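If you want the building blocks of each chain, they are given just below.
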Amino acid sequence: MAEGAAAHGPGETPPKGNGAIGVLPILFALALFAAFLAALPTVSAGERLLWTIDWVPSLGIGFAFMVDGLSLTFALLISGIGTLVLLYSNSYLAGHPQYGRFALYLTSFMVAMLGLVLADDLIVLFVFWELTTITSYLLIGFSHETEKGRRNALQALFVTGAGALAFLAGLILLGFAAGTTRISDILAQGTAIHDHPLYLPILLLLLLGAFTKSAQVPFHFWLPNAMAAPTPVSAFLHSATMVKAGVYVMARVHPSMAGTDVWLWTLTIFGVITAVYASILALRQTDLKQSLAYTTLMALGTLTLFLGQESGYAMTAFATFLIVHSLYKAALFLVIGSVDHGAGTREADLLGGLGRAMPVTAIAAAVAAMSMAGFPPFLGFIGKELKYAGALAVASEPVLVAGGVLLANALMFAVAGIVAFRPFWRPAGGDLPRKPHEAPWPMLAGPVLLAALGALFGLNPDLLQVSLVNPTVLSLTGSENEVVELKLWAGVNLPLVLSIATFVLGLLFYLAHRPLRASLAGFFAAAPSLDRGWDGFMDALKRSAGAVTDIIQTGRMTDYFVATFATIAIGLAAAMGFRGLPSLDPAFGAVSWIDLALAGLILGGAALTAFTSSRIAAIAALGVVGIGTALVFIFFGAPDVAITQLMVEVLVVVLVAIVMLRLPRLDAAPNPFRPGHAGLAVAVGTVVTLALLAVLTAPLDRRLSDYFEATSWPEAFGRNIVNVILVDFRALDTFGEVAVVVVAALSAVALLRQGKAGGKGETK
Amino acid sequence: MEALLALTIGVLVAAAVYLMLSGHMFRFILGLVLISNAANLTIFTAGRLTEGVPALIAVGAEAPDGLVANPLPQALVLTAIVIGFGLFAFAITLVKRAWTELGTVEADEMRLAEPRKEKP
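Residues numbered from 1 in each chain as written. Chains lettered and ligands numbered in written order. Predicted model: local features only at pLDDT ≥ 70, side-chain atom pairs only at ≥ 80, totals over all residues. Heavy atoms only, no water.

A short note on the overall build of chain A
Phase 1 of the analysis: In terms of regular secondary structure, chain A is built from 32 helices and two strands.
Phase 2 of the analysis: The globule rule puts the C-alpha radius of gyration for 764 residues at 27 Å, and the 37 Å found for chain A is more than 25% above it.
Phase 3 of the analysis: Each principal axis of the C-alpha atoms in chain A carries an extent, and together these give about 115 × 65 × 50 Å.
Phase 4 of the analysis: Split into buried and exposed, the 764 residues of chain A put 54% on the buried side. (Helix = DSSP H or I, 4+ residues; strand = E, 2+ residues; numbered from the N terminus. Rg over C-alpha atoms; globule rule 2.2 N^0.38 Å. Buried < 20%, exposed > 50% of the residue type's maximum accessible area, 1.4 Å probe, protein only.)

Looking at the overall build of chain B
Phase 1 of the analysis: A tally of helices and strands in chain B yields three helices and zero strands.
Phase 2 of the analysis: In sequence order, chain B lays out its α and β elements as α-α-α.
Phase 3 of the analysis: Computed over its C-alpha atoms, the radius of gyration of chain B comes to 21 Å, more than 25% above the 14 Å expected for a compact globule of 120 residues.
Phase 4 of the analysis: With the principal axes as the frame, chain B shows a C-alpha extent of 75 × 30 × 20 Å.
Phase 5 of the analysis: Within the span of chain B, comprising 120 residues, buried residues form 61% of the whole.
Phase 6 of the analysis: Relative to all contacts within chain B whose residues are 6 or more apart in sequence, the contacts with residues 24 or more apart total 51%. (Contact = heavy atoms within 4.5 Å.)

As for the nonpolar core
Residues and elements named next belong to chain A.
Phase 1 of the analysis: Judged by nonpolar contacts, the single largest core of 173 residues is most densely connected at L106, L125, W222, F236, M257, W263 and F318.
Phase 2 of the analysis: Ranked by residues supplied to this core, first place goes to helix α13 (residues 312-343) with 20 residues.
Phase 3 of the analysis: Beyond its immediate chain neighbours, meaning those up to four positions away, W222 contacts Q155, A156, V159, T160, T212, K213, A215, H238, M242 and V243. (Core = buried A, V, L, I, M, F, W, Y, C linked by side-chain atoms within 4.5 Å.)

Things to note about the environment of V654 of chain A
Residue and element names in this part refer to chain A.
Phase 1 of the analysis: Secondary-structure assignment places V654 in helix α28 (residues 639-662).
Phase 2 of the analysis: With a relative accessible area of 41%, V654 lands in the partly exposed category.
Phase 3 of the analysis: Taking the C-alpha atoms as reference points, V654 and I619, separated by 35 residues in sequence, lie 9.2 Å from one another.

Quick notes on the domain arrangement of chain A
Phase 1 of the analysis: Partitioning chain A into domains gives domain 1 (1-6 + 18-257), domain 2 (260-511) and domain 3 (700-759).
Phase 2 of the analysis: Distance between the C-alpha centres of domain 1 of chain A and domain 3 of chain A: 57 Å. (Domains from an automatic or database assignment.)

Thoughts on the packing of aromatic side chains
Residues and elements named next belong to chain A.
Phase 1 of the analysis: Under the counting rule described, the total for this entry stands at 27 aromatic pairs over all chains.
Phase 2 of the analysis: With a centroid separation of 5.1 Å and 65 degrees between ring planes, the pair formed by F102 and F142 is classed as edge-to-face. Of the two residues, F102 sits in helix α3 (residues 99-118) while F142 sits in the loop between α4 (122-140) and α5 (147-178), which places them 40 residues apart along the sequence. An identical accessibility class is assigned to F102 and F142; each is buried. (Phe/Tyr/Trp six-rings, centres within 6.5 Å; stacked < 30°, edge-to-face > 60°.)

Quick word on the interface of chain A and chain B
Phase 1 of the analysis: Counting residues at the interface gives 107 residues for chain A and 92 residues for chain B.
Phase 2 of the analysis: Together, the buried faces of chain A and chain B total about 8,800 Å²; carbon and sulfur atoms form 73% of this surface.
Phase 3 of the analysis: Summed over the shared surface of chain A and chain B, the result is zero salt bridges.
Phase 4 of the analysis: The interface formed by chain A and chain B holds 14 residue pairs in polar contact (both at pLDDT 80 or more) in total.
Phase 5 of the analysis: At 14 residues, α28 of chain A tops the list of elements feeding residues into the side of chain A that touches chain B. (Buried area = accessible area lost by both parts, 1.4 Å probe. Salt bridge = Lys/Arg side-chain N within 4 Å of Asp/Glu carboxyl O. Polar contact = N/O pair within 3.5 Å; in protein donor to acceptor, adjacent residues only side chain to side chain.)

Quick notes on empty space enclosed by the protein
Phase 1 of the analysis: In total, this model carries seven cavities of 30 Å³ or more according to the counting rule given.
Phase 2 of the analysis: Taken as a whole, the largest cavity spans an internal volume of roughly 130 Å³.
Phase 3 of the analysis: Lining the largest cavity are 13 residues, and of these V648 of chain A together with S36, N37, I81 and F85 of chain B sit closest to its centre.
Phase 4 of the analysis: Secondary-structure elements contributing two or more residues to the lining of the largest cavity are α28 of chain A together with α2 (25-46) and α3 (71-102) of chain B.
Phase 5 of the analysis: With five residues, the single largest contributor to the lining of the largest cavity is α3 of chain B.
Phase 6 of the analysis: The class makeup of the residues in the lining of the largest cavity is seven nonpolar, five polar and one charged. (1 Å grid on protein atoms, 1.4 Å probe; cavity = no way out; pocket = protein on both sides within 12 Å on 5 of 7 lines; lining within 4 Å. Points joined across faces, edges and corners; volume = space filled by probe spheres on them. Nonpolar A, V, L, I, M, F, W, Y, C, P; charged D, E, K, R; others polar.)

Some words on the side chain of T268 of chain A
Residue and element names in this part refer to chain A.
Phase 1 of the analysis: Along the chain, the position of T268 falls in helix α11 (residues 261-284).
Phase 2 of the analysis: In this structure T268 comes out as buried when scored by relative accessible area, which is 2%.
Phase 3 of the analysis: At 2.4 Å, the side chain of T268 forms a polar contact with the backbone oxygen of L264.
Phase 4 of the analysis: Not counting residues within four places of it along the chain, the set of residues in contact with T268 comprises L305, Q309 and V401.

Concerning unusual backbone geometry
Residue and element names in this part refer to chain A.
Phase 1 of the analysis: A cis amide bond links V217 with the next residue in sequence, P218, at an omega value of 10 degrees.
Phase 2 of the analysis: Assignment of secondary structure puts P218 in the loop between α7 (199-213) and α8 (222-225).
Phase 3 of the analysis: For A215, which is not glycine, the phi dihedral falls at a positive 55 degrees.
Phase 4 of the analysis: Residues other than glycine seldom take positive phi values, yet F717 does so here, at roughly 55 degrees.
Phase 5 of the analysis: Inspection of the secondary structure assignment puts F717 in the loop between α30 (703-716) and α31 (721-729).
Phase 6 of the analysis: Taking the relative accessible area as the measure of exposure, F717 reaches 62% and is therefore exposed.

Some remarks on α2 of chain B
An α-helical turn contains 3.6 residues, so any two residues separated by three or four positions project in the same direction.
All names here are of chain B.
Phase 1 of the analysis: Under the 1.5 Å per step criterion, the end-to-end length of α2 is 31 Å for 22 residues, consistent within 8% with the ideal 32 Å.
Phase 2 of the analysis: Counting buried residues in α2 gives 16 out of 22 residues, a clear majority hidden from the surface.
Phase 3 of the analysis: R48 sits one or two residues past α2 and shows a positive phi near 75 degrees. (Expected span 1.5 Å × (residues − 1).)

Regarding the pattern of salt bridges
Residue and element names in this part refer to chain A.
Phase 1 of the analysis: The full count for this structure, using the stated rule, is 13 salt bridges over all chains.
Phase 2 of the analysis: Of the charged contacts, one joins E147 and R150 as a salt bridge, the two residues approaching to 3.9 Å between their closest N and O atoms. Remark: R150 and E147 occur in helix α5; sequence separation between them is three residues, near one turn of the helix.
Phase 3 of the analysis: D559 serves as the salt-bridge partner of R556, at 3.3 Å between the closest nitrogen and oxygen.
Phase 4 of the analysis: For R556, a relative accessible area of 35% translates into the label partly exposed.

Brief notes about the confidence of the model for chain A
Residue and element names in this part refer to chain A.
Phase 1 of the analysis: Considering every residue of chain A, the mean pLDDT works out to 85; 95% of them sit at 70 or more.
Phase 2 of the analysis: Low confidence marks residues 1-13, where pLDDT is under 50. Its contacts with residues over four positions away, or in another chain, come to 22 contacts.
Phase 3 of the analysis: Of the regions scoring below 50 in pLDDT, residues 757-764 engages in seven contacts with residues more than four places distant in sequence or in other chains. (pLDDT = per-residue confidence, 0-100.)

Focus: the packing of helix α12 (residues 288-308) of chain A against helix α16 (residues 379-392) of chain A
Residue and element names in this part refer to chain A.
Phase 1 of the analysis: Contact geometry of α12 with α16 gives a least axis separation of 11 Å together with a crossing angle of 45 degrees. By the angle between their directions, the pair α12 and α16 is classed as oblique. In this structure, α12 crosses over α16, and the sense of that crossing is left-handed. Packed against α12, whose contacting residues are M298, T302 and F306, the element α16 presents K387, G390 and A391 at the interface.
Phase 2 of the analysis: Classifying every residue of the contact of α12 with α16 by side-chain character gives three nonpolar, two polar and one charged. (Axes fitted to C-alpha atoms, helices over the stretch in contact; angles between N-to-C directions. Parallel < 35°, antiparallel > 145°, perpendicular 65-115°, else oblique. Left-handed = near helix turned anticlockwise from the far one by under 90°.)

A word on the packing of α11 of chain A against helix α17 (residues 398-420) of chain A
Residue and element names in this part refer to chain A.
Phase 1 of the analysis: Contact pair α11 / α17: the axes reach a minimum separation of 9 Å and the direction vectors enclose 30 degrees. In terms of orientation, α11 and α17 fall into the roughly parallel class. At the point where α11 passes α17, the crossing takes the left-handed sense. Here T268, V272, A275, V276, S279, I280, A282 and L283 of α11 come into contact with α17, specifically with V401, G404, L407, A408, L411, A414, V415 and I418.

Here's the deal with the pairing of strand β2 (residues 61-67) of chain A
Residue and element names in this part refer to chain A.
Phase 1 of the analysis: Burial analysis of β2 places six of its seven residues in the buried class, the great majority of the element.
Phase 2 of the analysis: Note that strand β1 (residues 49-56) and β2 share seven bridges and pair antiparallel. By the bridge assignment, T52 is partnered in β2 with A64.
Phase 3 of the analysis: Taking the residues between adjacent antiparallel strands as the criterion, β1 and β2 are bridged by four residues, where G60 takes a positive phi near 75 degrees. (Pairing = 2+ DSSP bridges.)

Digging into helix α15 (residues 359-373) of chain A
Phase 1 of the analysis: With 15 residues, α15 of chain A should cover 21 Å at 1.5 Å per step; its first-to-last C-alpha distance of 20 Å lies within 8% of that length.
Phase 2 of the analysis: By the burial criterion, the buried members of α15 of chain A are T361, A362, A364, A365, A368, A369, S371, M372 and A373 of chain A.

Quick word on the environment of A69 of chain B
Phase 1 of the analysis: Turning to its location among the elements, A69 of chain B is positioned in the loop between α2 and α3.
Phase 2 of the analysis: The sequence separation of A69 of chain B and L34 of chain B amounts to 35 residues, and the corresponding C-alpha distance is 25 Å.
Phase 3 of the analysis: With near-sequence residues (within four places) excluded, A69 of chain B lies in contact with F636, G637 and E709 of chain A together with T50, V53, A55 and Q74 of chain B.

Below is the structure:
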């Protein structure tokens, strides 16, 4: 369970870090964070930074990047939390033999995620989107020695990868409908896309991609499984960054796509269902990390819900809650990692009394949890008040939405207590696998800083408002006037009443969570599970693939040949059916007695070869066909071809004769008439004849032949045009042909000689 | 003659296909030789038949005098004959080798790469 602890035994002193491999990524992430911080004043002033280099100019695709309020908020969260997580990991996985790999994956993921939120081109956006999918697959599957780790990583890859295909289709359609792939240009067109006939397909495809990535019900099942990753990964990917990629994209296209009924209802319904369902599931878990994973789902549902709306309240609530959630959720995940690291377990019923052993972690956890539960004066309180205000501002169904948010918040309150209060402050619940100890400073820095920021912004909301919330709302609505002021005390109003109701309800849930959990466990054990359904789906997929393979790949060569020849016959017949049967020049039908004799020779030889059971007769008949062919060449002005044909024919017969003497007699193998094969053979022969007749009815293009006839002597000084073509005009082809024959000869010799030299040792 | 040759080629192909479907490696080789002949004749016929005038340029002339046989398909067929022979030589040694190694010339008995499924 405690994957970090695996690196060092209980009695040994843990190693200090991972050397340069551990430190360099931290510095890299810190430098990125500093760079984004430097852009903050410009963006806060309402400006947008654009940067482009050409990539595929013919399609108008460029490596275009844009820094505005929305993307900068995300970029700061990604690089800032990334720095803290890398710092944390360096201690958490200290001395891990594969730490270099881990740091590489995590840093690559961070860069991909930054590319995603900064991309100003739909195609670039997609490329980074897929890069996050792949790097997160590697991170979830980091514990690849376990069956579970591999399965869960694959599940995340498949679900988000399948969504990504829909997403790509949606992006391409969007680019097509808007006439440009540049996101800033699309946004400049305003809501013009609403009237495009492709609006609905675009919307549904984009949302399918976003919902799978952001784990909305019913695509939610992969996210809790992704907790197979080491805890710092969960803190980074599954709270602050990757799962928010879907949310980011919905926010990015919000100015263009939002405002229709489809958008409003799809996002609202999916958001509410996800938020409530996930909160209930969160309460059910006993593993602290799993609990947190489900509350992440709840947060994603809430963010989706807000993006469904257009009001300034909802947008401000979105921007604020986005930041609030990232801060407290990353902090709590890291705390859970420290608890796991220090106490050796994450089971809620075992843990207790850690407050004394891990005081700093406990305080950081408490502060983050207060923010999560929505206590004043923390930022979470402001976030929650705004959530209610935003929910009540939903014009059509305020009761449904506000009710859903209330229930979800109350459950969140209870979970905050279970995760961050009980393990530290209640008496110990049982024997811990390890004597708990306080985490080293790099593992404290993350939780403490993130929790402190939540408190700082709560006490001083203007700081956050001016720097990040206003620019983000500007990105979403195009106007700063829409922003609602963040304040701790907004007077006695409906949101405040709802807040108090949340506390009361949440406290009830917290006190009753053990019986509740038991009844929930009973209910969910009986209910169908999508996760188990997934296994069934994968098994069925593999079985059907196996069944199809068994049908297609029988392992019998004759079956493959039947398929090949039937394809030829049907394909040519279909082509002929489209063109109509050829009408032939009567001159082609004229025959002399020589023609008849030639044809008879070839036909007789072919028939005998096909049906004889005598080796000698077969060889002789083969020779007859060859000589008949050579005679055709002679009569119709091709003496060179005829000579070659005769020489080759002699060689063929000699070779066949030599080899055949070493093979079993032909009449030893029964050769009954095979009517099915004969029918197929006649069909192939018929279509070949028809195809050739069709060719003959088409006019002959003699341009190349005329060119060779005219230039053969003046340019190549040869009077035999065929020879000139072979050794001059197409000399390189002839050279290749010689090479082929030489290779064939060498291989034949090798095969024959090996048979002699290898002897019996090789044969069996 | 073109029509008659087209018919002859059809029969050649049919005989070749029948032989190749037999599953007996030696008959397969016979079919391979027949189908190469059929292919060569097809190319030759598609370039039209011209009786008795090879594509030669008389001494002193710059170009052939009047209509001669189409040289282009002839060049192609020449190449094809030689390549076909190379293929044939390789295939027949392969068959011989298969016989020494596997003790069978029946294609459907050669199941090293795709073994039969065990019946459960």
